[in-house]
Amino acid sequence: MKNNRIVFSFNAPAVLAFALLSLGALGLSTLTGGASNRLVFSCYASSFLSPMTYVRLLLHVLGHTSFAHYVSNMALILALGPIVEERYGSGRLLLMFTVTAVVSGLFHMFFAGSSMLLGASGIVYMLIFLASTAGTRGGGIPLTLVAVAALYLTQEILGGLFSADNISHLTHIVGGVCGALMGLFMRK
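Residues numbered from 1 in each chain as written. Predicted model: local features only at pLDDT ≥ 70, side-chain atom pairs only at ≥ 80, totals over all residues. Heavy atoms only, no water.

So, helix 8 (residues 169-185)
- Between its first and last C-alpha atoms helix 8 spans 24 Å; for 17 residues at 1.5 Å apiece the expected length is 24 Å, and the two agree.
- Here helix 8 has its buried residues at His169, Thr171, His172, Val174, Gly175, Gly176, Cys178, Gly179, Ala180, Met182 and Gly183. (Helix = DSSP H or I, 4+ residues; strand = E, 2+ residues; numbered from the N terminus. Expected span 1.5 Å × (residues − 1). Buried < 20%, exposed > 50% of the residue type's maximum accessible area, 1.4 Å probe, protein only.)

What follows is the structure in structure tokens.
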């Protein structure tokens, strides 16, 4: 006789921790009326003499403006992250999260610093591009990466040029470039 118990597996600790930390940051922002997002969980042009500049460069990816913003990012992170985490490992994935957060934050500070950057969309795009390289072996450039790059980069370039939305298309592009480069250079 079979045992029909449902068993949950803890399959992606880095991804799950990121999702929970982001949810905690959203809860804190809700409790503080957005003050924690402005002070800690967003990136904007500020002095490199301030220690908080470095904190914000790392933590802006945890901040979200609303539950809907959080869900739109986490749905993709929770779908793609375990694939990438299984391929590269938790430590490497956390390193990739960190690199993408810092690089996208610096690009934002230098090229769009008058506004606040918060949210995990750069991480989402990094994961999209990493996932497109995850199943490949060898030295070539995967066609899936080329197709993903053509679709997403075209969308983001056109969105950045022709839409007046509150979306950081530059962060999406930077996240995608980080994911593509790390995916190509970190393949086993």
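Alright, that's what it looks like, and here's the rest.
Focus: the packing of helix 5 (residues 90-112) against helix 6 (residues 121-134)
- It is at 9 Å that the axes of helix 5 and helix 6 come closest, and there the two elements cross at 130 degrees. Regarding the angle of helix 5 to helix 6, the classification is oblique. Judged by the twist between their axes, the crossing of helix 5 over helix 6 is right-handed. Contacts between helix 5 and helix 6 involve Leu93, Met96, Phe97, Thr100 and Ala101 from the former and Gly122, Ile123, Met126, Leu127 and Leu130 from the latter.
- Its residues assigned to classes, the contact of helix 5 with helix 6 comprises eight nonpolar, two polar and no charged. (Axes fitted to C-alpha atoms, helices over the stretch in contact; angles between N-to-C directions. Parallel < 35°, antiparallel > 145°, perpendicular 65-115°, else oblique. Left-handed = near helix turned anticlockwise from the far one by under 90°. Contact = heavy atoms within 4.5 Å. Nonpolar A, V, L, I, M, F, W, Y, C, P; charged D, E, K, R; others polar.)

What to know about the confidence of the model for the protein
- Confidence in the prediction of the protein, expressed as mean pLDDT, is 88, and 90% of residues score 70 or more.
- Put simply, helix 7 (residues 143-162) is where the protein has its lowest mean pLDDT, 76, and helix 1 (residues 13-31) is where it has its highest, 98. (pLDDT = per-residue confidence, 0-100.)

Here we look at helix 6
- The end-to-end C-alpha distance of helix 6, which contains 14 residues, comes to 19 Å, matching closely the 20 Å that a straight helix rising 1.5 Å per residue would cover.
- The element helix 6 is extensively covered by neighbouring structure, given that 13 of its 14 residues are classed as buried.

What to know about the environment of Gly140
- Secondary-structure assignment places Gly140 in the loop between helix 6 and helix 7.
- Residues Gly140 and Leu184, spaced 44 residues apart in sequence, show a C-alpha to C-alpha distance of 8.9 Å.

Overview of the side chain of Ser104
- With respect to the helices, strands and loops of the structure, Ser104 is situated in helix 5.
- When sequence neighbours within four positions are dropped, the list of residues in contact with Ser104 reads His60, Leu117, Thr171 and Val174.

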